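# Close look at the chain arrangement
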Amino acid sequence: MTTFTFPPEDVLRARQKLVLDHFHDEVRQDWDDVLSTFPHPHYELIATMTVHDGDGEVRDYYHDTRVAFPDQDHEIIAIRHSPDAVIVEFWLLGTHLGPLGKIPPTGARHRTRMTAYFIFDENENLVTERIYFDQLTVLKQLIGGLNKKNPRDLVTLGRAVFGLLAMSGEAPDPRLLHTTQPDLSV
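The shown structure was predicted, so the numbers you read here are calculated from the model rather than taken from an experiment.

## Re the sheet that holds strand E1 (residues 42-45)
Strand order across the open sheet formed by six strands is E2-E1-E6-E5-E4-E3, with mixed pairing between neighbours. Each edge of the sheet is formed by a strand with only one pairing partner; in this case those strands are strand E2 (50-53) and strand E3 (73-82). In this sheet, neighbouring strand axes are inclined to one another by 20° on average, regardless of whether the strands run parallel or antiparallel. Set on the sheet, helix H1 (residues 9-28) makes contact with E1, E3, strand E4 (85-95), strand E5 (109-120) and strand E6 (126-133); between it and E3 the angle comes to about 165°. Across the sheet, helix H4 (residues 135-143) is in contact with E5 and E6; its angle to E5 comes to roughly 155°.

## Thoughts on the layout of surface pockets
Of the pockets and cavities examined, the largest pocket occupies roughly 950 Å³. Taken together, 39 residues line the largest pocket, and the ones lying closest to its centre are Leu 45, Thr 48, Leu 100, Phe 133 and Gln 135. Ranked by residue count, the leading element in the lining of the largest pocket is helix H3 (residues 55-68), at five residues. The class makeup of the residues in the lining of the largest pocket is 22 nonpolar, 10 polar and seven charged. The volume enclosed by the second largest pocket comes to roughly 290 Å³. Considering the residues around the second largest pocket, the lining is formed by Glu 44, Ile 46, Arg 130, Tyr 132, Arg 175, Leu 176, Thr 179, Thr 180, Gln 181 and Pro 182. Its residues placed into classes, the lining of the second largest pocket shows four nonpolar, three polar and three charged.

## Looking at the pattern of salt bridges
Side chains bearing opposite charge may pair, as long as their charged atoms lie close to each other. Summed over the entire model, instances satisfying the criterion amount to 15 salt bridges. Measuring nitrogen to oxygen at the nearest pair gives 2.5 Å for the salt bridge that ties Asp 32 to Arg 59. Of this pair, Asp 32 sits in helix H2 (residues 31-35) while Arg 59 sits in helix H3, and the two are 27 residues apart along the sequence. Owing to a relative accessible area of 30%, Arg 59 belongs among the partly exposed residues under this scheme. Across the pair Arg 175 and Asp 173 runs a salt bridge whose closest N-O atoms are separated by 2.8 Å. Exposure remark for Arg 175: the relative accessible area of 46% places this residue in the partly exposed category. Looking at Asp 173, the relative accessible area reads 14%, which means it is buried. If you follow the salt bridges from partner to partner, you end up with Asp 25, Arg 28, Asp 30 and Asp 33 in one network.

## Some points on the nonpolar core
Residues Val 19, Tyr 43, Tyr 62, Val 88, Phe 90, Phe 118 and Ile 131 are the most contacted members of the largest nonpolar core, which totals 27 residues. Among the nonpolar cores identified, the runner-up in size contains six residues, and Ile 103, Ile 143, Leu 146 and Ala 160 belong to it.

## A few points about unusual backbone geometry
Across residues other than glycine, the phi torsion is negative in most instances, and most of the peptide bonds are trans. Unusually for a residue other than glycine, Gln 29 sits at a positive phi of about 60°. Inspection of the secondary structure assignment puts Gln 29 in the loop between H1 and H2. Judged by relative accessible area, which is 32%, Gln 29 ranks as partly exposed. Positive phi, close to 55°, is recorded for Met 49, a residue that is not glycine. Taking relative accessible area as the criterion, Met 49 reaches 22% and is therefore assigned partly exposed.

## Considerations on helix H5 (residues 151-168)
Taking 1.5 Å as the rise per residue, H5 with 18 residues should run 26 Å; its terminal C-alpha atoms sit 26 Å apart, in good agreement. Buried residues of H5: Asp 153, Thr 156, Leu 157, Ala 160 and Gly 163, and no others. Down the axis of H5, the smallest arc covering the buried residues is 125°, so these residues share one side. Those residues of H5 that are exposed and angled more than 90 degrees off the buried face are Pro 151, Arg 159, Phe 162 and Leu 165. On its buried face, H5 is in contact with H4. Of the residues flanking the start of H5, the one acting as N-cap is Asn 150, its side-chain oxygen 2.8 Å from the backbone nitrogen of Arg 152.

Rules used in this analysis
Residues numbered from 1 in each chain as written. Predicted model: local features only at pLDDT ≥ 70, side-chain atom pairs only at ≥ 80, totals over all residues. Heavy atoms only, no water. Pairing = 2+ DSSP bridges. Helix = DSSP H or I, 4+ residues; strand = E, 2+ residues; numbered from the N terminus. Axes fitted to C-alpha atoms, helices over the stretch in contact; angles between N-to-C directions. Contact = heavy atoms within 4.5 Å. 1 Å grid on protein atoms, 1.4 Å probe; cavity = no way out; pocket = protein on both sides within 12 Å on 5 of 7 lines; lining within 4 Å. Points joined across faces, edges and corners; volume = space filled by probe spheres on them. Nonpolar A, V, L, I, M, F, W, Y, C, P; charged D, E, K, R; others polar. Salt bridge = Lys/Arg side-chain N within 4 Å of Asp/Glu carboxyl O. Buried < 20%, exposed > 50% of the residue type's maximum accessible area, 1.4 Å probe, protein only. Core = buried A, V, L, I, M, F, W, Y, C linked by side-chain atoms within 4.5 Å. Expected span 1.5 Å × (residues − 1). Arc of directions from axis to C-beta. Polar contact = N/O pair within 3.5 Å; in protein donor to acceptor, adjacent residues only side chain to side chain.

Listed below in structure tokens is the structure:
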């Protein structure tokens, strides 16, 4: 059985404060404060197999998600600690008022359960935010409420399907495909 050593309580508290500040600043859309939680911003979105690396790419990600969901918010469900991460389970909420990639706005609201791993290096720097969620849960909520008898909604549905098909052909980021085996020795 593998033995894990947790950092001292003060380190766990400092990590948790940084993560909670990060969440708070994202809701306020204070990107400078959010980015200051990383020495080098790095997001991994597992559902879409995309990576946003560096200040510019992460700012673009923030911009695009807030165009799609300008009222984006969250409700934290639980916070857990591991030897190298703070793990946050939360509901992500928002109203789809702008394009989401190639999917046109539907006006629908979503509430999606997610988990984010905030990973720290040996110097207690936040090095990655890795987010897991079910893409289908989001999509069902965004297009499921469209009225299939309304011509305008049918056009939106058609554009959404076309956008989904276009996005499904995008190659996954290779950094998410090549993982290393964990050391499970005692």
